[in-house]
Amino acid sequence: MMTNGARLAVRRVALVAALFAATGVACRSAPSGLDPNADLTVLFIGNSLTASNDLPVLTRAVAAAGGRTLSYAVRVAPNVSLEDHWYAGVADLIVSLRADVVVLQQGPSSLLANQEHLRLWTETLAVPIREAGGRPALFMVWPDASRTFAFDDVAAAYRGAAEAVDGLFIPAGDAWRAVWQVDPDAALYGGDGFHPSYLGSLVAALTMYAVVFDAGVRALPRSVAPGLSASQFELLLVAVYETVEASRSGAATDLGGGGKSP
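The rules behind these values
- Residues numbered from 1 in each chain as written.
- Predicted model: local features only at pLDDT ≥ 70, side-chain atom pairs only at ≥ 80, totals over all residues.
- Heavy atoms only, no water.
- Helix = DSSP H or I, 4+ residues; strand = E, 2+ residues; numbered from the N terminus.
- Salt bridge = Lys/Arg side-chain N within 4 Å of Asp/Glu carboxyl O.
- Buried < 20%, exposed > 50% of the residue type's maximum accessible area, 1.4 Å probe, protein only.
- Pairing = 2+ DSSP bridges.
- pLDDT = per-residue confidence, 0-100.
- Contact = heavy atoms within 4.5 Å.

**Some points on unusual backbone geometry**
Backbone geometry at Asn53 places phi at a positive 60°, although glycine is not the residue there. Here Asn53 shows up in the loop between α2 (48-51) and α3 (55-65). Here Asp214, not a glycine, exhibits a phi torsion of approximately 50°, which is positive. By secondary structure assignment, the location of Asp214 is in the loop between α9 (198-212) and α10 (230-249).

**Regarding the pattern of salt bridges**
Summed over the entire model, instances satisfying the criterion amount to seven salt bridges. Across the pair Arg177 and Asp174 runs a salt bridge, and its minimum N-O distance is 2.7 Å. Pair noted here: Arg177 and Asp174 are both in helix α8 (residues 172-182), with a separation of three residues, about one helical turn. Under the relative-accessibility criterion, Asp174 is labelled buried at 8%. Because the salt bridges share partners, they merge into one network encompassing Asp152, Asp174 and Arg177.

**Here's the deal with the pairing of strand β2 (residues 70-76)**
Burial analysis of β2 places seven of its seven residues in the buried class, the great majority of the element. Burial of the side chains of β2 extends over both faces: Leu70, Tyr72, Val74 and Val76 are buried on one face and Ser71, Ala73 and Arg75 on the other. Two elements, strand β1 (residues 40-46) and β2, share seven bridges in a ladder whose sense is parallel. Each bridged residue has a counterpart across the sheet, and for Ile45 the counterpart in β2 is Arg75.

**Considering the confidence of the model for the protein chain**
Across the protein chain, the average pLDDT comes to 89, with 83% of residues at or above 70. In this model, residues 6-11 is a region of pLDDT below 50 whose contacts with residues beyond four sequence positions or in other chains number three contacts. The model gives residues 253-257 a pLDDT under 50, and that stretch makes eleven contacts with residues more than four places away or in other chains.

**Comments concerning the environment of Ala61**
Mapped onto the elements of the fold, Ala61 is located in helix α3. The spacing of Ala61 and Ser223 is 162 residues in sequence and 9.7 Å in space, taken between C-alpha atoms.

See below:
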């Protein structure tokens, strides 16, 4: 006889499978496989914060501007967590693709229970990632615009999950705050106050590139962001550079203990 726990697990698998079938699991531009000849292969696992403005495409463009080749695949759906991805069978994809880096992302995860949830499922997914020869990378996002006081907790959640699996920490949310320190009016949130604007995704892509390639960003050409002035683009590069360097050294970046009011 099936136990209540087993019934719940089966029901969850069915619900998650239905969600992914209904919404799709990949950005429209996501390749079906990975190019083993690329400098780096990356699998992005997340939700609409990764899908917005096609972050993987932006990251590939930044890498190309830096003289690097990035091959990627994407597994995303709206409003899903890493646990949902697990029940949707993402471990099989991880093992089959054998990416160099697997970028993991869910919601802000600022509350204590959500921090623990992020860490648990990061540790769970790290097993097939390591077995496939890859390294986990935690993509720190941001709280919604009404809760900018929670930036520190979001950073703690993602950094803690990365440290738990000896993974990479991608401090995109901290880079947002570094931009705001210089330009408080920078429009990094999109219209709904949660998903990123194109500029917000560009900051995330620059941070992603700096971390996964272990590369500097200061020499990147402005062709990466043709819509920005030279001074605006330099502002982004400095903010990302200083954020990533502080993260690498383990130093606490002076971000005023919170976010800003957009």
